[in-house]
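An overview of the molecular structure
As a plain string of letters, each chain reads:
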Amino acid sequence: MFDNVKTWFRPKEDRKYGGETAYGWAAALRYDFAYYDEVPDVELRRHLTALTSGVDLPVLICTHDDADVRILSIVLAAVESQSDCHMALIAALHDPLESVRRAAAIALVKMDTISGLAAVVAGHRHGHGIRTQAAYRLAEHGAAAADAIPALYALINYPDINWRSHMAANVALSAIGEKATPFLIHALQHGSDASKSESATALNQLGVPDELRSLVNDILGSESTSEEAR
């Protein structure tokens, strides 16, 4: 009986594609295929053709029952910057398997659209690190990333995450600038503790209205005191 129980928890062997598992290709995408000699899209198409053919990538991403096919399709969509896969990738953030969700998040960060980055930032089932990376990427877009403000507040208010992710959201809101100010002011007055803290920091960088200076100083001062106490 005990041996039977052990087999239930024993991981299945991952299939290899060109020396990598399917998720290995997603990890390589995240780091720009730094150690790959082959051309990624050619290799990916070869592997996908061996598994399935004649089906568009958005269909494979959303409907194929083989997780390897879904992941390889996701990576290829990002490598080839296929805009018609964009909504399929966002939908894949809700895939039943974490490896597929993580692959989709990596692909959306690589495709670098505001809506895709916002979806990664707002979600919480694909890993903290990729959400932080997406928030910093939004910061690079500056004021053009204004549509991602609600997603950045979702990240700030998500409690089960480290301070680096909250800081990334703060940096992005600061980079967005003037369009973020009404959100920052309202969050400063009515938000959660985390939202008040990050909003105070961002407003301090952007410029604090005179009537809120005392409140901002109180919040930032109390943070400094608590840091010193640690």
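In this text, all values refer to a predicted model and were calculated from it rather than measured experimentally. The residue numbering used here restarts from 1 in each chain and proceeds along that chain's sequence as written. For a predicted model such as this one, the threshold for reporting local features is a pLDDT of at least 70, and the threshold for listing and counting side-chain atom pairs is 80 or more; totals across whole chains, interfaces and linings nevertheless cover every residue. As a rule here, side-chain values come from all non-hydrogen atoms in the structure, and water together with hydrogens is ignored.

Helix and strand assignments come from DSSP, with helices taken as H or I runs of at least 4 residues and strands as E runs of at least 2, each series counted from the N terminus. From N to C terminus, the protein includes 14 helices and zero strands. Start at the N end of the protein and walk to the C end: the helices and strands fall as α-α-α-α-α-α-α-α-α-α-α-α-α-α. In the protein, which comprises 230 residues, the proportion classed as buried is 47%. Taking the intrachain contacts of the protein between residues at least 6 apart in sequence as the baseline, contacts between residues at least 24 apart amount to 59%. For the charge count, each Lys or Arg is scored as positive and each Asp or Glu as negative, with His and the chain ends excluded. Note on charges: their place is set at NZ of Lys, CZ of Arg, CG of Asp or CD of Glu. Measuring between centres, the 20 positive side-chain charges of the protein sit 6 Å from its 30 negative side-chain charges. Throughout this description, buried means an accessible area under 20% of the type-specific maximum (1.4 Å probe, protein chains only), exposed means over 50%, and partly exposed covers the range between. Contact definition: two residues touch when any of their heavy atoms are within 4.5 Å.

A surface patch of nonpolar side chains, about 380 Å² in accessible area, is lined by Tyr 136, Trp 163, Met 167 and Val 171. For the nonpolar patch, the element with the most residues is helix H11 (residues 163-176), which contributes three residues. When you line up the elements, Val 171 lands in helix H11. Judged by its relative accessible area of 33%, Val 171 is partly exposed. Each patch is built from salt-bridge-free residues with over 30% relative accessible area, joining like charges within 9 Å and nonpolar side chains (Val, Leu, Ile, Met, Phe, Trp, Tyr) within 5 Å. Under the convention used here, a 1.4 Å probe and the Shrake-Rupley method define accessible areas, while residue burial counts only the protein chains that appear. Only one rule defines a salt bridge in this text: a Lys or Arg side-chain nitrogen within 4 Å of an Asp or Glu carboxyl oxygen.

Here the focus is the environment of Ser 53. Note on placement: Ser 53 falls in the loop between helix H3 (40-51) and helix H4 (57-63). Along the sequence, Ser 53 and Thr 113 sit 60 residues apart, while their C-alpha atoms lie 28 Å from each other.

Let us now look at the packing of helix H12 (residues 181-190) against helix H13 (residues 193-206). Between N-to-C directions, angles span 0 to 180 degrees; the directions come from axes that are lines fitted to C-alpha atoms, helices contributing only their stretch in contact. At their nearest, the axes of H12 and H13 sit 8 Å apart, and the two run at 135 degrees to each other. With respect to H13, the axis of H12 lies oblique. When the axes of H12 and H13 are compared, the crossing they make is left-handed. Seen from H12, the contacting residues are Thr 181, Leu 184, Ile 185, Ala 187, Leu 188, Gln 189 and His 190; seen from H13, they are Ser 195, Lys 196, Ser 199, Ala 200, Ala 202, Leu 203 and Leu 206. Residue classes follow a fixed rule: Ala, Val, Leu, Ile, Met, Phe, Trp, Tyr, Cys and Pro count as nonpolar, while Asp, Glu, Lys and Arg count as charged, and any other residue, Gly among them, counts as polar. Looking at the contact of H12 with H13, its residues break down into eight nonpolar, five polar and one charged. Any angle from 65 to 115 degrees is called roughly perpendicular, while one under 35 is roughly parallel, one over 145 is roughly antiparallel, and all others are oblique. Left-handed is the label given to a crossing in which the near helix is rotated counterclockwise from the far helix by less than a right angle, and right-handed is the label when the rotation is clockwise.

Now for the pattern of salt bridges. Across all of its chains, the model carries nine salt bridges by this definition. For Arg 15, the salt bridge goes to Asp 66, with nearest N and O atoms at 2.9 Å. Remark: Asp 66 occurs in the loop between H4 and helix H5 (67-79) and Arg 15 occurs in the loop between helix H1 (2-9) and helix H2 (22-30); sequence separation between them is 51 residues. Taking relative accessible area as the criterion, Arg 15 reaches 41% and is therefore assigned partly exposed. Among the ionic pairs, Arg 15 bridges to Asp 68, the shortest N-O distance being 3.2 Å. Taken as a pair, Arg 15 in the loop between H1 and H2 and Asp 68 in helix H5 lie far apart in primary sequence, 53 residues in all. Asp 68 sits in the buried class, given a relative accessible area of 15%. Here the salt bridges do not stand alone but share partners, grouping Arg 15, Asp 66 and Asp 68 into one network.

Before going further, it helps to spend a moment on helix H8 (residues 114-122). Among the nine residues that make up H8, seven are buried, leaving the element largely enclosed by the rest of the structure. When H8 is considered as a whole, its buried residues turn out to be Ile 114, Gly 116, Leu 117, Ala 118, Ala 119, Val 120 and Val 121. Packing partners of the buried residues in H8 comprise helix H6 (86-92), helix H7 (98-111), helix H9 (128-141) and helix H10 (149-156).

Overall, the predicted model of the protein reaches an average pLDDT of 88, with 90% of residues at or above 70. Scored between 0 and 100, pLDDT is the confidence that the predictor attaches to each residue. Counting interchain partners and residues more than four positions distant, the pLDDT-below-50 stretch residues 1-11 has one contact. The model gives residues 224-230 a pLDDT under 50, and that stretch makes zero contacts with residues more than four places away or in other chains.

What follows is about H2. Of all the residues in H2, the buried ones are Ala 22, Gly 24, Trp 25, Ala 26, Ala 28 and Leu 29. Contact partners of the buried residues in H2: H3, H5 and H7. Where H2 ends, the next residue or the one after it, Asp 32, has phi of about 60 degrees, a positive value.

Attention shifts here to the side chain of Thr 52. Positionally, Thr 52 belongs in the loop between H3 and H4. Of the residues examined, Thr 52 reaches a relative accessible area of 19% and is grouped as buried. Apart from the residues lying within four places of it in its own chain, the contact partners of Thr 52 are Leu 60, His 64 and Val 69.

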